[in-house]
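Survey of secondary and tertiary structure
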Amino acid sequence: MIGFERVSKWYGSYPALVEIDETIARGEVVVICGPSGSGKSTLLRTVNRLESIQAGRIRIEGRDIHAPGTDVNALRARIGFVFQQFNLFPHLTALQNCTLAPVQLGRLSRSQALEQARALLARVGLAHKADAYPAELSGGQQQRVAIARALAQQPPLMLFDEPTSALDPEMVGEVLAVIRGLAKDGMTLICVTHEMGFAREVADRVLFMDAGRVLERASPAEFFQRPQHPRAQQFLADIRLPFDAR
């Protein structure tokens, strides 16, 4: 599904990404974790060209997405992206937020888009909030609408950039439950998160990053029980895992 080939990026003289080589299979759920400033979100944002790269290639379904002439809008239409801050249109209802792109891009008629949007809001547990505006929703509800909106484009790939970091603790579970459901449905997911319990439960594979490099890649069981890289060992010790990782 996705191939990173010696991908590097700098901010001035600062190396944000350093020769990333990674392959993500169709249907795989990958969690990227690591300390703040390690390059996690930057790597994620290169996948839909919210960030440029200076070296290497990123291929999605075999196509070099950073090649000159790439239709960025067409690329992004096939990649769902859920941000830390929900980024809903405040003047539109939940239902309107979920119908806007499919109608404007001409993929669905208005009636088809409405039918799909209602189904997606029901999927994330918010059928009863279809006519509510973002200001009338809790943070967890807004993020679930944002997930429904991303799914409205029927993307084969979903990216989550710390989707629970802006939420109060009691709202985290409701958002993770929706992502957990997508994973069970077999969708290809990449999720940057600090929720290690979620990573342990849902991920097929965990990538640990620090200083712009992937230092460890492993199954959740291997990563949490037997981390190999000293930096990963220190990271897990410092966050005081809320479960028995021995």
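This text follows the structure it describes.
Notes on the structure follow. Source: prediction; values computed, not measured. (Residues numbered from 1 in each chain as written. Predicted model: local features only at pLDDT ≥ 70, side-chain atom pairs only at ≥ 80, totals over all residues. Heavy atoms only, no water.)

**Brief notes about the nonpolar core**
Threshold: Throughout, nonpolar core names a set of buried Ala, Val, Leu, Ile, Met, Phe, Trp, Tyr and Cys residues whose side chains join them through atoms within 4.5 Å. Between buried and exposed lies partly exposed: a residue is buried under 20% and exposed over 50% of the maximum accessible area for its type, with that area taken using a 1.4 Å probe on protein chains only. A run of H or I in DSSP counts as a helix once it spans at least four residues, and a run of E counts as a strand once it spans at least two, with each numbered from the N terminus. Throughout, a residue-residue contact means that at least one pair of heavy atoms, one from each residue, lies within 4.5 Å.
Judged by nonpolar contacts, the single largest core of 51 residues is most densely connected at L121, I147, M158, F160, L189 and F223. Here the element with the most residues in this core is helix 6 (residues 169-184); it accounts for eight residues. For I147, the contacting residues outside a window of four places in its chain are V82, M158, F160, V175, V178, I179 and L182. Judged by nonpolar contacts, the second largest core, of 26 residues, contains I53, L159, V192 and L207.

**Considerations on the sheet that holds strand 5 (residues 63-64)**
Applicable threshold: By the convention used here, strands pair only if DSSP detects at least 2 bridges between them.
Pairing within the open sheet is antiparallel, and its four strands lie in the order 2-1-4-5. In this open sheet, the two edge strands, each paired with only one partner strand, are strand 2 (14-24) and strand 5. Pairing of strand 4 (residues 55-60) with strand 5, which is carried by two bridges, proceeds in the antiparallel orientation. By the bridge assignment, I60 is partnered in strand 5 with R63.

**Description of the side chain of K9**
Convention followed: As used in this structure description, the phrase polar contact means that two N or O atoms lie within 3.5 Å; if the pair is within protein, one of them must be able to donate a hydrogen and the other to accept it, and residues adjacent in sequence are counted only when both atoms belong to side chains.
Along the chain, K9 falls in strand 1 (residues 2-11). Of the polar contacts made by the side chain of K9, one reaches the backbone oxygen of S52; its length is 3.1 Å. Excluding anything up to four places from it in sequence, K9 contacts Y14, P15, A16, L17, T42, E51, S52 and Q54.

**Focus: unusual backbone geometry**
Keep in mind that most residues, glycine aside, have a negative phi and that most peptide bonds are trans. Phi at R6 takes a positive value of approximately 50°, unusual for a residue other than glycine. On the secondary structure map, R6 appears in strand 1. On the accessibility criterion, R6 (47% relative accessible area) is partly exposed. If you check the backbone angles, R49 has positive phi at about 65° while not being a glycine. In this structure, R49 sits in the loop between helix 1 (40-46) and strand 4. When its relative accessible area of 26% is taken as the criterion, R49 is described as partly exposed.

**Observations concerning the sheet that holds strand 7 (residues 157-161)**
The condition is simple: Every axis in this analysis is a line fitted to C-alpha atoms, fitted for helices over the stretch in contact. Angles between the N-to-C directions lie between 0 and 180 degrees.
Taken in spatial order, the six strands line up as 6-7-8-3-9-10 in an open sheet, and their pairing is mixed. Looking at the sheet topology across the chains shown, the edges are occupied by strand 6 (79-82) and strand 10 (213-218). Averaged over all neighbouring strand pairs, the angle between strand axes comes to 15°, with direction disregarded. Examined bridge by bridge, strand 6 and strand 7 share four bridges and lie parallel to one another. In the strand pairing of strand 7, I79 is matched with L157.

**Concerning the packing of aromatic side chains**
The cut-off we apply is this: Only Phe, Tyr and Trp rings take part, Trp by its six-membered ring, and two of them pair if their centres are within 6.5 Å. Stacked means planes under 30 degrees apart, edge-to-face means over 60, and tilted covers everything else.
Tallying each qualifying case throughout the model produces four aromatic pairs. Centroid distance F223 to F224: 5.1 Å. Interplanar angle 75°. Geometry classified as edge-to-face. A relative accessible area of 2% places F224 in the buried class. Taken together through their ring pairs, the aromatic side chains of F208, F223, F224 and F235 make up a single cluster.

**A few points about the pairing of strand 7**
Formally: The handedness rule is simple: strands pointing away from the viewer, and a clockwise path from the first strand over the helix to the second, make the crossover right-handed.
The buried fraction of strand 7 is high, at five of five residues. Neither face of strand 7 is open: one carries L157, L159 and D161, the other M158 and F160, and all of them are buried. Here strand 7 pairs with strand 8 (residues 188-192) via five bridges, running parallel. Its bridge partner being in strand 8, L157 is matched across the sheet by T188. A crossover links strand 7 with its parallel partner strand 8, the connecting element being helix 6, and its sense is right-handed.

Function cannot be inferred from these measures alone, as they are strictly geometric.
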